[in-house]
Amino acid sequence: MRIERVGVADGEFALHVWAPEKSGPGILLVQEIFGVGDYMEAVARDLVALGYVVAAPDMFWRIEPEWSVRHDEKALPKAASMVSRFDWEKGPEDLEAALGHVRGLPEVSGPVGVLGFCFGGTLAYLLAARADVDALVSFYGSGVPGALGEIERIKAPAQFHFGGSDPYIPREDVAAVERAVEGRENMEIHVQEDGGHAFHNRKAPMFHQPEPAEKAWRLAEEFLARTLRNEPAQG
């Protein structure tokens, strides 16, 4: 892993980059509320093993640069405080700048997609509505149900994941996303009905659920292979 700097009008922020030995498609990985820490690194390494170049921007740099914290109950209030101070106007602009930087990385050849979890699942969705991404994967973005008006602007193939038993995202909100996605070409949604919030986060025992995580991640891997590597659908 290396850290590059991305400049914007009022400063610059860190972009964590992981690359395989050979060049490949790029994935902009958008953090959850705990920062760019061990979980994001674990996800990045999973993707690098599949041949992707992965880059994760520090989305909290305007509040506290390079902030990250352990994934436990004690950290939740601080993490929630970071989100409450996040600039939702400038944040997507930062993400768009990061996307442009990823496209220019020497290791990147081919398409570039965006993948986000939680807080990052919302940001990834908003980025896909405003910028030219080649694929979108959004895991349980709590802000997605309230921003469904943006879905019309998304031209890239998109895949949404939610937990049907998420205490932070009511099932009726997930159903609203299901209705919005239904019938749209190149869009799909998968709900793990027994999944709670952040069920994929294997670095957070309070959230991780291995079975829903495995099912959803397999779907995400297949989707990314189809959309970024042009590999045929399995099965």
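Provided above is the structure to which this section pertains.
The present account deals with the structure reproduced in this document.

Cut-offs and rules
Residues numbered from 1 in each chain as written. Predicted model: local features only at pLDDT ≥ 70, side-chain atom pairs only at ≥ 80, totals over all residues. Heavy atoms only, no water. Phe/Tyr/Trp six-rings, centres within 6.5 Å; stacked < 30°, edge-to-face > 60°. Buried < 20%, exposed > 50% of the residue type's maximum accessible area, 1.4 Å probe, protein only. Helix = DSSP H or I, 4+ residues; strand = E, 2+ residues; numbered from the N terminus. Lys NZ or Arg CZ within 6 Å of the ring centre and 35° of its normal. Core = buried A, V, L, I, M, F, W, Y, C linked by side-chain atoms within 4.5 Å. Contact = heavy atoms within 4.5 Å.

### Describing the packing of aromatic side chains
Two measures describe an aromatic ring pair: the distance that separates the ring centres and the angle between the ring planes.
Here comes step 1: Tallied over the entire structure, the rule returns 14 aromatic pairs.
Here comes step 2: Ring centres 5.0 Å apart and planes at 80° place the aromatic pair phenylalanine 86 and tryptophan 88 in the edge-to-face group.
Here comes step 3: Overall, phenylalanine 86 belongs to the buried group, its relative accessible area being 8%.
Here comes step 4: The exposure class assigned to tryptophan 88 is partly exposed, which follows from its relative accessible area of 37%.
Here comes step 5: Pairing phenylalanine 117 with tyrosine 140 gives two aromatic rings, centres 6.5 Å apart and planes at 55°, and the pair type is tilted. Linking phenylalanine 117 in strand β5 (residues 108-117) with tyrosine 140 in the loop between β6 (136-139) and β7 (158-163), this pair joins segments that are 23 residues apart in sequence. We note that phenylalanine 117, like tyrosine 140, is buried.
Here comes step 6: Sitting over the ring of tyrosine 52, arginine 229 keeps its end group 5.2 Å from the ring centre.

### Some thoughts on the nonpolar core
Here comes step 1: The biggest cluster of nonpolar side chains holds 87 residues, and the ones touching the most others in it are Leu115, Phe117, Tyr125, Tyr140 and Phe160.
Here comes step 2: Contacts of tyrosine 125, omitting those with residues within four sequence positions, involve Leu136, Val144, Ala147, Leu148, Glu150, Ile151, Ile154 and Phe160.

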